[in-house]
Amino acid sequence: MSGANTSSLAFVAIAALSLLAGTRGFAEDGPDNTIVSVDIESKDGGAAKAGQPVTLAIRVRDPASGYPITGLTPAAWFVPDIGNGATCEEWVNRLAGSPVPPPGVADLNGYDIIQLAKDGSLAIIDPRLNLATANIRSLTRLSSLPAHWAINPGGSILAMVPGDAPSKIRLFEHSPIAVRNEVEAGAGVVSLTAGEEDVLAGTADGRLLRISPEGTVLGQIPLGSGAVVLARGDDGGLVALAQDGHGLIAGDGGKSVKFAGVAGGARSVAYSTLADGAYILSADGRSLSILHRDEPGRIFTLPLEAEASRIVSSQNGQWLALPAADGRSVAILDTRTGSVRWTIGAEDPVRDVLFSDSFLYFTHARAGGVTRVVFDSDGDAPGIAMIAAGEAAATDREKSPMPLLVRVPGNGIIAASPERRVGFMVAEDGAQAAMSSLPLLAGDTAGLLLRYRGVHEVGHEGEYRADFVPEYGGRYLAVVRIDQPNLAHCRKVAFAGAADPALARPTAAAVGPSAVPRLMAAPHVGDGEVRFAVEGVPDGTRLLNAVFMSETGTWHRFVDVFDDGKGHFRFRTNIPGSGRYRFYAELSGQHAGETLALDVPVS
């Protein structure tokens, strides 16, 4: 069926559903002919378990014809089924009207920001909670800054190569953020990418490794000799190249072909979905080799006017941006013609380069904010506009170890300030751009990633999916809401494993008194250890997202809190001067949701 016919059919089906539903249609575990169906699928085909990746699969079809309906944007939540008697309609209305879901509800909508700080702090930021430290959902500390990192489009796989252990690949979980597994590659890892089902790594000794989300090496391909550079397209296509010129191209259908003849290795590679081909920037950055999957033996080489540092691809692979190594220009290549369409000059050297869904963005060595480039594929020279944010620097800033720009699918971009602990969210609406700020308080930003956790369409069969990891076991209600047409569906599901202790209903005697902190040893300037006890909490209670700040809030530090398991805690930090300070932390366990506050005088 053609794309035009599919869109036409979807429009007719939506119109029919709008007449059928009138207002929002609701179904709770209805028969098989319901408009919306919901399934829970585990990765191994067994029962869904807490702590293990599962997939929410939503299927939508026209009840009259049975044809699938595409192009929808479902929203989904998992609500604890604790017998409060709320109906599907009541839950949909409550969740849809609240920007922040109630405690215990798993929200499968939107995205999180992963902030890497220069001191190795790694934080998950919830951009909906734009209130100082309250937007940090989880925080950990890395032993070193990563040499490479990657996250898959669904947000379920986060992989890193530590700077102090280049032959290891660490896989992270998100709730809380922590290392889940570690893989030994057997040689230095020089490139890394993550897909929906696996992680691919290129090694310094010519191999391409495929690794499962659980940390199992699924296979390896000896491509050739020397470092393997690789890149994935948004649809799953792949190009990988060893230093000796041997490589492979894999399309979205999974068929791969090997090629040879690109000698000298590569500085950067890209896969174009539109062209179904590989684009290889030479090791000296002076030429671009082009070959297509259906003719891997035919290689076309394009000389470049300026030495390029890397290749940055647009989402569909039509445009490739080639930033100059000195940052003074960016060449724009059209993959339909295989030639450079425009070259954009830059007096202020370009640093990060990123395509959003609609535009191309640059950051600069000195200017604050971003430059937005808009161009018509069949028009004249591109239009360039500066979106100011933050302060300009008098001299070139130090280059960031990781990109400070991330794309927000369907919305815009987020740029981290290189000088302030804040990000700038640029939302796109046609030719307009709206900007808002986002606190990034885990530290001075060294890099950003976007962890997408929304429901996304898969193929063209009316199927929508979201990957997530249930934090707790128990009975839940899967709640799905769809706009245009107005539809909703709820289904009861269960996850094996221990239930969320915060949802238990203990008696007042079992809970005991509220958590009461008591300072045991006040610190001095130059001796920044704080020791305190917390009364009224059970043994093993942990303190999460702890922050220590001056009374005015002008100085603050996130701190690692250590405990003896019996209600005694301590942390150490460098304190700038005497005065009154405040300590805040979130409690775990049956006191989850409570915030601990402690006054700390410093002499």
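Everything numeric in this text was worked out from a predicted model, so none of it was measured.

Now for helix H2 (residues 88–96). Of all the positions in H2, only Cys88, Trp91, Val92 and Leu95 are classed as buried. Down the axis of H2, the buried side of the element spans an arc of 100 degrees, and every buried residue falls inside it.

This part covers unusual backbone geometry. For residues besides glycine, phi is generally negative; the peptide bonds are generally trans as well. In this structure, Asp276 takes a positive phi of about 50 degrees despite not being glycine. With respect to the secondary-structure elements, Asp276 resides in the loop between strand E21 (266–272) and strand E22 (277–282). For Asp276, a relative accessible area of 23% gives the class partly exposed.

Ordered in space as E25-E26-E27-E28, the four strands form an open sheet in which the pairing is antiparallel. Every interior strand has two partners, whereas the edge strands, strand E25 (312–313) and strand E28 (339–345), have only one. Judged from the five bridges that link them, strand E26 (residues 319–323) and strand E27 (residues 329–334) form a sheet pairing that is antiparallel. Paired with Leu322 across the bridge in E27 is Ala331.

In the structure shown here, the tally under the stated rule is 26 salt bridges. One salt bridge connects Asp334 with Arg341, and the closest N-O pair in it is separated by 3.6 Å. By relative accessible area, Asp334 is classed as buried at 1%. What makes Arg341 partly exposed here is its relative accessible area of 31%.

Turning our eyes to something else, we now look at the sheet that holds strand E48 (residues 579–587). Pairing is antiparallel in the open sheet, where four strands are placed in the order E45-E44-E48-E49. Lying at the two open borders of the sheet, with one neighbouring strand each, are strand E45 (556–558) and strand E49 (595–602). Across the sheet, the mean angle from the axis of one strand to that of its neighbour is 20 degrees, orientation sign disregarded. Both strand E44 (residues 543–550) and E45 contribute to a ladder of three bridges, which runs antiparallel. Counterpart to Met549 in the pairing with E45 is His556.

This brings us to the packing of aromatic side chains. Under the criterion given, the structure shown has twelve aromatic pairs. Ring plane angle 65 degrees and centroid distance 6.4 Å describe the contact between Phe532 and Phe571, whose orientation is recorded as edge-to-face. Separated by 39 residues along the polypeptide, Phe532 in strand E43 (residues 529–535) and Phe571 in strand E47 (residues 568–572) bring together distant segments of the chain. A relative accessible area of 0% means that Phe532 is categorised as buried. Judged by its relative accessible area of 1%, Phe571 falls in the buried class.

What counts, and at which threshold
- Residues numbered from 1 in each chain as written.
- Predicted model: local features only at pLDDT ≥ 70, side-chain atom pairs only at ≥ 80, totals over all residues.
- Heavy atoms only, no water.
- Buried < 20%, exposed > 50% of the residue type's maximum accessible area, 1.4 Å probe, protein only.
- Helix = DSSP H or I, 4+ residues; strand = E, 2+ residues; numbered from the N terminus.
- Arc of directions from axis to C-beta.
- Pairing = 2+ DSSP bridges.
- Salt bridge = Lys/Arg side-chain N within 4 Å of Asp/Glu carboxyl O.
- Axes fitted to C-alpha atoms, helices over the stretch in contact; angles between N-to-C directions.
- Phe/Tyr/Trp six-rings, centres within 6.5 Å; stacked < 30°, edge-to-face > 60°.

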